[in-house]
Amino acid sequence: MRPQKLAPAEQAERLAGLDGWQRVPGREAITRSFRFADFNAAFGWMARVALMAEKLDHHPEWRNTYNRVEVVLSTHDAGGLTELDFQLAGFMDRAALG
């Protein structure tokens, strides 16, 4: 079943429940920058997130530079933000805590 785009009020409510995430200007997406102790820690986190992304069949846009990972989430098939984006964002936050 194809994920359904969330209504703007639901998006705002879900975004308010996430720490450090913000809207991407000009598109219906959310973004966050993660910093880790070093490249190994960043890459390990990305590997954990990749496993969850496969499980959800929902994949992030991301860029890694040494100890930083820049993430953008949006559900392209739905044309905006869905429950999957917020599930993956929450998982990323929890995984970054250790």
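Per an unreviewed UniProt entry, the chain goes by the name Putative pterin-4-alpha-carbinolamine dehydratase and belongs to Zoogloea oryzae. We quote the UniProt Catalytic activity (unreviewed entry) comment for the chain here in full: "(4aS,6R)-4a-hydroxy-L-erythro-5,6,7,8-tetrahydrobiopterin = (6R)-L-erythro-6,7-dihydrobiopterin + H2O". If you open the UniProt record of the chain and go to Sequence similarities (unreviewed entry), you find "Belongs to the pterin-4-alpha-carbinolamine dehydratase family."

**Student:** Describe the pairing of strand 3 (residues 61-65), and please don't skip the residues or the numbers.
**Tutor:** The pairing of strand 3 with strand 4 (residues 68-73) spans five bridges and is classified as antiparallel. Following the sheet pairing, Thr65 is matched in strand 4 by Arg68. Counting the residues that bridge the hairpin from strand 3 to strand 4 gives two residues, and of these Tyr66 lies at a positive phi of roughly 50°.

**Student:** Explain the side chain of Asn67 to me, using residue names and the numbers behind them.
**Tutor:** Looking at the element boundaries, Asn67 is found in the loop between strand 3 and strand 4. Given a relative accessible area of 17%, Asn67 falls into the buried group. With residues near it in sequence (within four places) discarded, Asn67 still touches Phe34, Arg35, Phe36, Ala37, Asp38, Phe39 and Ala42.

**Student:** Can you lay out the side chain of Gln11 for me, pointing to particular residues and giving the numbers?
**Tutor:** Here Gln11 shows up in helix 1 (residues 8-16). Accessibility expressed as a relative area gives 3% for Gln11, which makes it buried. Residue contacts for Gln11: discarding those within four places in its chain leaves Lys5, Leu6, Arg23, Glu28, Leu81 and Phe86.

**Student:** Before we move on, could you go through the packing of aromatic side chains and cite the residues and values that matter?
**Tutor:** Two aromatic rings, taken as a pair, are described by how far apart their centres are and by the angle between their planes. Counted under the stated rule, the structure contains six aromatic pairs. Seen from their ring centres, Phe34 and Phe36 are 6.4 Å apart, and the 15° between their planes marks the pair as stacked. Phe36 matches Phe34 in its accessibility class, with the two residues each being buried. Centroid distance Trp45 to Trp62: 6.2 Å. Interplanar angle 50°. Geometry classified as tilted. Of this pair, Trp45 sits in helix 2 (residues 39-56) while Trp62 sits in strand 3, placing them 17 residues apart in sequence. Aromatic ring contacts, followed pair by pair, group Trp21, Phe34, Phe36, Trp45 and Trp62 into a single cluster.

**Student:** Quick one: what's the story with the environment of Leu81, residue by residue and with numbers?
**Tutor:** The residue Leu81 is located in the loop between strand 4 and helix 3 (83-96) in this model. Residue Leu81 is classed as buried on the basis of its relative accessible area of 0%. Apart from the residues lying within four places of it in its own chain, the contact partners of Leu81 are Gln4, Lys5, Leu6, Gln11, Arg23, Glu28, Ala29, Ile30, Leu73, Ser74 and Phe86.

Cut-offs used in this document
- Residues numbered from 1 in each chain as written.
- Predicted model: local features only at pLDDT ≥ 70, side-chain atom pairs only at ≥ 80, totals over all residues.
- Heavy atoms only, no water.
- UniProt positions renumbered as here; feature names shortened; annotations may be inferred.
- Pairing = 2+ DSSP bridges.
- Helix = DSSP H or I, 4+ residues; strand = E, 2+ residues; numbered from the N terminus.
- Buried < 20%, exposed > 50% of the residue type's maximum accessible area, 1.4 Å probe, protein only.
- Contact = heavy atoms within 4.5 Å.
- Phe/Tyr/Trp six-rings, centres within 6.5 Å; stacked < 30°, edge-to-face > 60°.

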